[in-house]
Amino acid sequence: MRHLLLLTGLLFLHQSHCFEFFIDGEWEGEMGGFQDHRERHKRAILTSEEEEAFEAVRGDDITVKSYKVESRITSRFAHTTVRSSVVNSGSKSQSIGFNVQIPKRAFITNFTMNVNGIIFVGSVKEKTVARNLYAQARARGKAAGIVRANAQDMETFKTEVHVPPGSNIEFELHYQEMMHRKLGVYEHVLHLQPGRLVPQFQVDVYIFEPKGIAMVEAPNALGEQFSEQIKVTSSKDKAHIVFKPTLQQQRKCENCTTTAIDGVFVVKYDVQRDSNAGELQVSDGHFVHFFAPANLSPLPKNIVFVIDVSGSMWGVKMKQTVEAMQAILDDLTIDDYFSIIDFNHNVRCWNDDLVPGSSIQIDDAKKYIQNIKPNGGTNINEALMRAAQMLIKASNQDLIDKRSVSMIILVSDGDPTVGEIKLSAIQRNVRKVMRADFSLFSLGIGFDVDYDFLERIAMENRGVAQRIYANHDAAEQLRAFYRQVSSPLLRTITIQFPEDSVSDVTQNQFDKYFSGSELVVAGKVLPSESNILTGITTASAARLDMSLETEADTMELDIELAKQQHSFTGFARQMWAYITVTQLISERSLATTAVKKRKITQRIMALAVEHQFVTPLTAMLVESEGGGERLLADSPKDPKHGCCSGSGLVSSGMTPIRMLHEPPPWVQMTTPAPPSQAAGALTEHITFVENDPHFTVHLPRSNMSVCFNIDSKPGNILNLLSDHETGVAVNGQLVGSKRMKGNKVNTYFGTISVYYQPLGLSVTVGTEQIVLTDGRNKHNFTWRATADIAQDGVRVAIVKDSHVTVAINDTMRFMVMLHRVWKKHPINVNFLGIYIPTENTYSTRVHGLIGQFSTVPEVSVHNIHSGRDPLKDEATMKVKGHKLAVTRGWQKDYRQEKKRGTDVSCWFIHNSGKGLIDGHYTDYIVTDLNSFLQTH
């Protein structure tokens, strides 16, 4: 939602210390906002002269003593303060301006001003209340008109104060914004244009991310002379970026009196993510759930590019659109389907059907794009109808993957002039024909585009809009936007919380998630006896469905924040309010009745006043300490940009829902029972392999267990189970201890794989991650989050830092247990154990070190007697025609007691199971983790 912030005013100071202030602007009525194109306001176009005229401080013969900017970013939420101290050094009274360019998605939260000791403090109020209070104090001077100024992604706060010679003025502005992740990074932008040399010039950006900072950089965009002046220091979870040029360093040249500082100061960073389940943070009675999974295979795409080729696109716009399309088409893969529609007064299709992204089709599409000659009018309605029908046809004919993502990308620079030209009718037509799983993304080229309309049709159809500025880098802007939506990873995402644990939850259902972005859900935490809050995310990926679980201690973060000198301690509360207000503004712009709009308006105003946000529906009343003088900082609608903007969350677009407590029917919840309980449910009678590696085989017919070791070499892969008929193979790869112990390198299972041939699906469990591959797709999960994953007949349940259970068609289950050792242990390494129920159903041809015992051998034990070790009996075992000397021993079953294990009594067969297993253990060494044993 775009709230266009233009806070402007003029203050006069007379000998009597009477302040007068006037602000002009458009007043948005209750049903204001969207109007037909014939009634819309004339759009303003920012000229290069206006862009160049911007200065942070305006005035003749003034001294800027200091200009300081400080941002505190905590958990992706930024609080920025801009301070300036100015003296009227001239001999006459004059107006001195204080101007700040801020990001369009930011909310101003406070403004204070000290004029010769008279202090003005801001407070946000409902717009009508603020105007009425101001009107009471207004009245004695002449009015001053607004000066508008807009940059590419910024908008301008402007205020002026008229003061006598020698006056001291201190300005201070505060604003807040949530960092939006795009293409894998968060970007914090500060606009620095002091317009003159400043003795005390300093920028500080403090970042605190509780889970850790993965990368941070401050690329210099201010000029080569400042390349050494930007200092970045960072630790595990904190970073400080400072820019503090001296007066001499600020000069354009050695003896220049003008400043070289003119541009944007950018900080880019990303955070550590230890699992795909997301990051849940709780502070100040509020929670924020960040969800940004990676290491998942992209979903296939079905894209119809709809390109405006009307006469207004002639020249640079068309040239750069063609340039961008060349690169975009190269990005398509053979799994993607696409087509191109170009339109002016007519609508033409490069191909009437979606076609795969083969090199032949892409080359042909490029030639088609290059030959476009812009002319004529603009028939947006028919072009969008044709695009939607193309997607519907492909879907109805099952030409596209049911799990693929279908989207229309519209590129246009103007209003409809041919066919249906009523904007509300076009909106209605598009909404009617678009299916629930189709998305529309609108890219508006140039300042004269009807961005308000393009934004509405995108928001109503599960997409977002973006303005493309018609300048030298328009092609790169188009490509950058495409990169944001070119890798959809998930569909139908829902982030849930246990019933009665949270309230006032922001949008928690999302249509799509794109690689490099982030979904954010916030809310209030309800009082509870437990200090643990759990978040559960369900989603659909390529060929699989998943449920991911994460949790947070409700007290831990506040304790940590109190220790941090530069953290923003109220971030969770403010972020919840920021997201809520932003979503309500979007909801308000789409309201179909005056009643709905009025109710949403009341909620926005109440929240904005409570959290001190200047929005299109609130204003900031700036009063002197005694209340005798008042200024009004208003937020009028800017018709050039529309009434509101997209949230910046590319994946949003579904109607917000308050709460969802029930997961999909395929999910079997794995939460908060202790690992031992979840693991113990596997079965009582099992065969398992633990430690280095000890095989323990339960023989139900004899009601006994036998055990043996396999002494092999690190790197060898042992087949545990091989069943050609059911298509299941289980293999384990050995890893060695860090060094010898008693002239021997112990071996353990470092990787265990369960392969299901009918689906080509492999579940590879390592000590660091769990990987699901099916030939075309690869999905990575970590041990640091509980997850439930289903693909056709296979389910994988991960219990955080404990075990993984793989179930195949409800006939077979395999559980892999994780064992971690002290990282600096001189000998031992992390390893895995595997537990297999004896009631698993295999074919008669099953084999392997464990699989062969599904056909239970006849076993008898004779001549039990005391051995050399008085605690271990010895005996003779008859099995498979062999007489084996065996020893009574104990192995560890770790399902119930993870640390110490439970003793299981068994008869130990020496020499790597010789005589018990068929053949020699080396017969069970296979070439890779998905191998079956060779049949003879």
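Residues numbered from 1 in each chain as written. Predicted model: local features only at pLDDT ≥ 70, side-chain atom pairs only at ≥ 80, totals over all residues. Heavy atoms only, no water.

Engineer: So what exactly am I meant to see when it comes to the pattern of salt bridges here?
Structural biologist: Inspection of every chain in the model, using the stated rule, returns 38 salt bridges. The salt bridge involving Asp413 is made with Lys317; its shortest N-O contact spans 2.9 Å. Placement of the pair is Asp413 in the loop between strand S24 (405–412) and helix H7 (423–433) and Lys317 in helix H4 (residues 316–331), with a sequence separation of 96 residues. This pair shows no difference in class: Asp413 is buried, exactly as Lys317 is. Here Lys563 makes a salt bridge to Glu560, at a shortest N to O gap of 4.0 Å. Separated by three residues within a single helix, Lys563 and Glu560 lie in helix H10 (residues 556–563), roughly one turn from each other. Under the relative-accessibility criterion, Lys563 is labelled exposed at 60%. Given a relative accessible area of 27%, Glu560 falls into the partly exposed group. (Salt bridge = Lys/Arg side-chain N within 4 Å of Asp/Glu carboxyl O. Helix = DSSP H or I, 4+ residues; strand = E, 2+ residues; numbered from the N terminus. Buried < 20%, exposed > 50% of the residue type's maximum accessible area, 1.4 Å probe, protein only.)

Engineer: Just checking my understanding: could you explain the sheet that holds strand S19 (residues 286–291) for this structure?
Structural biologist: By way of backbone hydrogen bonds, the strands of a sheet pair with one another, either parallel or antiparallel. Strand order across the open sheet formed by four strands is S18-S19-S30-S28, with antiparallel pairing between neighbours. Among the strands making up the open sheet, the edge pair consists of strand S18 (279–283) and strand S28 (502–503). Strands in contact with helix H11 (residues 571–589) are S18, S19 and strand S30 (519–525); relative to S19, the strand with the most contacts, it is inclined by about 70°. (Pairing = 2+ DSSP bridges. Contact = heavy atoms within 4.5 Å. Axes fitted to C-alpha atoms, helices over the stretch in contact; angles between N-to-C directions.)

Engineer: Just to check I follow, could you spell out the state of the cysteines for this structure?
Structural biologist: A covalent bond between the sulfur atoms of two cysteines is referred to as a disulfide. According to the stated counting rule, one finds two disulfides in the structure shown. Across a sulfur-sulfur distance of 1.7 Å, Cys253 and Cys256 are joined as a disulfide pair. Since a negative S-S torsion denotes a left-handed disulfide, the Cys253-Cys256 link at about 95° is right-handed. Taking the relative accessible area as the measure of exposure, Cys253 reaches 37% and is therefore partly exposed. (Disulfide = S-S within 2.5 Å.)

Engineer: Teacher, can you tell me more about the side chain of Glu177 here?
Structural biologist: Considering the arrangement of structural elements, one finds Glu177 in strand S10 (residues 168–178). Overall, Glu177 belongs to the buried group, its relative accessible area being 2%.

Engineer: What's the story with unusual backbone geometry in this structure? I'm lost.
Structural biologist: Its identity as a non-glycine residue notwithstanding, Ser75 has a phi of 50°, on the positive side. You can see Ser75 is positioned in the loop between strand S4 (62–74) and strand S5 (77–88).

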